[in-house]
Amino acid sequence: MREKETTLYIGPQHPGITGNMMVKIKIKGDTVVSSSTHVGYLHRAFEKLIEQRNWLQSFTILCRFCVPEPDPMELTYARAVEEIEGREVPERGKWIRVLVMELARLQSFMLWYGGQSGSAGLYTLGQWSVGDRNYVLDLFEELTGGRVYHMFIWPGGVRRDLPKGFKDKALRTMDYLEKRLVQYNKLLFDNVIFQKRAQGVGIIPKDKAIEWGVVGPPLRGCGIKSDVRIDEPYEVYDKLDFIVPTFEGGDVWARALVRREEIKQSISIIRQVLEKMPEGEYYNKIPNPMKWKIPAGEAYVRTESVRGEVGFYVVSDGTERPRRVHVKGAAYTHAFTVLDKILPGQNISDVSFILNSMGACPPEIER
Amino acid sequence: MSFFDLKGLLQPLTGIRQFGNKPHTIKFPDQTKKTADRYRGLHYNDLDVCIGCGNCSTICQNAAIDMIQLDGIEGKPGDSGLRPRVDNGRCCWCALCVEVCPTGSLNLTKDYIFVSENPDDFLWIPGVKNPEGKNNLSFTSTTETSLSMYQRVPLRELDPHDRVKSFAEVILGYNEEEARLEAQRCISCGLCTEVCPDHMHIPEYINAIAQGNDDDALRIIYDNNPFPEMCGKVCTRRCESVCALTHRGKEFDPGRDEGAVAIRFLKRYATEAYPTAEKIKEIVNPEIKEANGYKVAIIGAGPGGLTAGYYLALQGYDVTIFEARAHAGGMTFYGIPKYRFPEDSVDKQVEYMEKVGVKFKYNTKVGKDIKFEDLHAKYNAIFMSVGFQKAWNLGIENENIPGAISAVDYLGKINAGESYDVGKKVAVIGGGNVAIDGARVSARYGADVTILYRRRIEDMPADWEEIEAAQHEGVNIITQAIPTRIIKGDNGKVKAIEYLKAEMVADDKGGRPRPVAIEGSETILEVDTVIGAIGQEGDYSFIPETFQKKIQIERGRILVNEDMQTGDSKVFAGGDSVNRRADAISAIADAYKAVKAIDKMLMNK
Amino acid sequence: MDNELLKEQELLNAITKAYDVKGNVIRKGRVEVFVKKELIPSVLLYVKEQKGYKHLSHVACIDWIEQGEFQLTFNIWSHADKIMLYVKTRIDRENPVMENLDGIWDQLNTYEREFREMFGIEFTGLVGEKEFILEDWDDMPPMRRDFDTVQYSKDHYYFRPGREDAKDVRKTLTDRTGEEIPDYATKYSREK
């Protein structure tokens, strides 16, 4: 009996796909033979829009580049503009920025929990983690005025100072989350079903990982220690005490372990930041935004987001508007060439599982 | 690993414990969640505080805010009359509009629920749609966090102790870097243009300076003001008093500049960048029309007359300006002291006008050296801007003896290059700019000067700048002093002045408090010179009787219609002799209007 | 000061010795080289294989319409040296052709598809579906500077009615006072 090769379109409206894109796989029986990704459902022409706005006006577009975790986009743009102009950010501003980044990382991991366990069929954990994520969003609401899109980090510093009572509230939330993490462990990582499904699936070979353009937790899950926060420390990461976890294996299990460890590190960083934050200014004010010019130049800045490195390439030609802003998120390589290489040979039911572990986020790809 | 893993099977069951937990959600609408103090909800605008500058609409990057006319809100000086309307289908609640609002009237509230079946309802006018939002403000912008720049770049001036020894120009203008920085502050709303009597194109030339195009700035200024260097140094700057930034800028600089954009000094910077008349002609390069055969006479080479001459010459008219004195400039030359407006500044502007084709006849007084009737017959139109040349009498005993002089005469003599010895002690009577000028000039001749003014310092009509500068230079100001008589010495000259002290009595009807002399409080001040500066009036003796029926004078001023035309259709008038505002920019504005009217009249014949 | 930039200088010297290119050290951790487009494959292969610059971090394309050129910038990172290398090249804008580079790094396939669609650069030998992000696009490549997005939206869509009564503040004021702004000054008025 010959098995016919069929084409299966997963997406764009599918709960197993992390976002709005389509993965077209050719299958024989239950096994994937080849795959190709199609995007284009979320194109909003942001880069062109940014070219038609001022340096400051475009900061409202930036957070919408990536829905699960908007803050690294804002931070990278702000750092790139500061690098071209030579603007210094005051100390306290840098500490607040790190606080926002780590909180964003935390809430994004909560969302990842839902996706990863849901794609394995374990739906309970997703409901819990999204519910707990709301407490972090409450903290964001106190600090920035918005729950999901914060629009808080802009060139020169941050927009407002910490409100009164924020530190206590944040520490209480951290305590609560740490207790919950133990529960998540019991439900997911100690669960033999998850272990059996995740080990040995979606392997990325260690010697080829960097060349394929793998970044972030998938890279660290291959045993390569690479993180922008320690390679090119920015803001105050060089003053903080944290480890970057790596696990061998290169499969979904290793990546899940990496992420579990990173959540613990995030909580620890947040506690350190709240303790050590100095007093002082938090914003180096820009002049009248309608007339603010940046001298000509270019800069390329990278930040570590939940999925990997985010790179902003900003070009200025000396006027009030950016010449070119090109954004590349981690998903640009993960969802195309890497997926094409690791999916063949996998089971259909593992496609969504692997996609979640790679952390592909379509808004970032298409901008 | 084997599938039968007890731990792996039982651990997940511990999740059943969660059944007893309190849910994360709350029962809406019985319970509501407390919104954060900084929540970015729907907009609220305080319609009384809002000035309709449109800055929110410009910065909104979604083009969500429109400025519209509302019923019941009229425009007035300092308020455009328009109010913002938010299109909630486009708004992303980034609150940039709140950060740049110069008055702080636009804010965000804690409300975030708005439900309607009609999509057009989502075009919201904040403040009108939700008047109760005032109590619910959450995201606001204080003067610290606002992105508007409320503080002016400070201006440098000469040290008071040094500068009182000479007539060197006191205020040292902006250099290029400071000017560009100051020009960046402007939000280009244009509220200032309404209040300027001449309606200069202020946001346009400030933006040209901010972009580094000083050439364009100069051209824009010369479009309706040919005397910008003078305005840049001594204008009364009504524009700055309605600048959008003063609403919160006054926190930083109360009673003085109040944070307004330095419109006057930027104008000065733009003109000083071109030091000679040739350079001005090269840059401005106005289009001079062909001679059209009409001749116009202008009486008085003050700012009004010079403006009229310039613009008429550009339109191709044959213009002659008749000036009674030896030098052009009018009150700006003979009245304003040289440390405020140097002579070479005047010469530069006048030289440029000569290049354009204006003809001057100095030392020619109409009524004496040439008759008014002749002018009326020979020329197709006449523009009169003769100003107020006569000072009011003080109305006290002995006011005409040697040593008592009016400020107008005194300043006129000094500025003409003559000398007048004021002795060692001087008393100046009056509280306006002319009095301060007289005082500061006397101080430069080494005298010990005292100003006597009937009311309090805050009531003085003079510029706060002038009062402060005079005080720094050692001038003594005695307020609430009403002079009664001048005491004559044995040599027939002024020996002292006697004055009564006054107390301020509140006015029953709510007007300004009045000074009432205190009986028996006579004080004697020994002085060598008394300078009177309590006001001026016009001298219309040059108008012959035959014309006085048509050219009517009411309460000291020439009557004109809105085209600056007097009762005689060939004769136009403007300046101090016509308007009540008594500053140079008003004279320039009147002349500009008159030029348009003369052009219309002659070209349409 | 010089000690800090030792590694950067070493890298620059090695590349300029091997190929006829110019470059400079921008700051610590940033080195740029300007390469002619024919030499790009060789230079990229050289830095990847021989210098250990294995991580291709970012590729960007900039439209310099005034100069009539496109600029391609490759940002490559070395984990060992901790240096980001910018390899910049220029392509003629009228006839933009470039060699296909995805033999060196596979990810370049995706980048090249995007540039082909957004800028119209032809990569000879590129195998990949023509449509990347846009669907049924029949106009000029949209990321080029001469593509007018406002005009496109006016031609193809209609604006929702209801906002026609919007007024311009400056115009309201000039109407009230009778001020006439000359033509050469209107470009300095505030844009709406």
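What counts and what doesn't
Residues numbered from 1 in each chain as written. Chains lettered and ligands numbered in written order. Predicted model: local features only at pLDDT ≥ 70, side-chain atom pairs only at ≥ 80, totals over all residues. Pairing = 2+ DSSP bridges. Helix = DSSP H or I, 4+ residues; strand = E, 2+ residues; numbered from the N terminus. Axes fitted to C-alpha atoms, helices over the stretch in contact; angles between N-to-C directions. Contact = placed C-beta atoms within 7 Å. Nonpolar A, V, L, I, M, F, W, Y, C, P; charged D, E, K, R; others polar. Buried ≥ 20, exposed ≤ 12 C-beta atoms within 10 Å, placed from the backbone.

Let us look at the sheet that holds strand S6 (residues 137-139) of chain B. All names here are of chain B. Pairing is antiparallel across the open sheet formed by three strands, whose spatial order is S1-S4-S6. This sheet does not close on itself; its edge strands, each paired only once, are strand S1 (43-45) and S6. Strand-to-strand twist across the sheet, computed as the mean angle between neighbouring axes with direction ignored, equals 60°. As paired strands, strand S4 (residues 106-109) and S6 are joined by two bridges and run antiparallel to one another. Across the sheet, the residue bridging to Thr109 is Leu137, located in S6.

Here we come to the interface of chain A and chain B. Across the contact, 24 residues belong to chain A and 30 residues belong to chain B. Secondary-structure elements contributing two or more residues to the side of chain A that touches chain B are helix H5 (123-144), helix H6 (166-189) and helix H7 (192-198) of chain A. The element contributing the most residues to the side of chain A that touches chain B is H5(A), with five residues. For the side of chain A that touches chain B, the class distribution of residues is seven nonpolar, 10 polar and seven charged.

Before going further, it helps to spend a moment on helix H7 (residues 202-211) of chain B. Residue and element names in this part refer to chain B. Of all 10 residues that make up H7, nine are buried, and the element is covered over most of its length. Residues Ile202, Pro203, Glu204, Tyr205, Ile206, Asn207, Ala208, Ile209 and Ala210 constitute the buried set of H7. Residues of H7 that are buried sit in contact with helix H5 (176-184), helix H6 (191-195), helix H8 (214-222), helix H10 (238-241) and helix H12 (263-272). Following H7 by one or two positions, Gly212 has its phi on the positive side, about 95°.

It is a general feature of regular strands that their side chains alternate between the two faces of the sheet. Residues and elements named next belong to chain B. Inspection of the sheet shows strand S16 (residues 481-488) paired to strand S17 (residues 494-505) by seven bridges, in the antiparallel sense. Residue Pro483 lies in a different strand from S17, and its bridge partner there is Tyr499. A loop of five residues connects S16 with S17, the two strands running antiparallel in sequence, and Gly492 in this loop sits at a positive phi of about 85°. Looking at chain direction, S17 and strand S19 (residues 523-526) are connected through four bridges and run antiparallel. Within the sheet, the bridge partner assigned to Glu498 lies in S19 and is Ile524. By the bridge criterion, four bridges tie S17 to strand S18 (residues 514-517) in an arrangement that is antiparallel. Considered in S18, the bridge of Glu503 is made with Val516.

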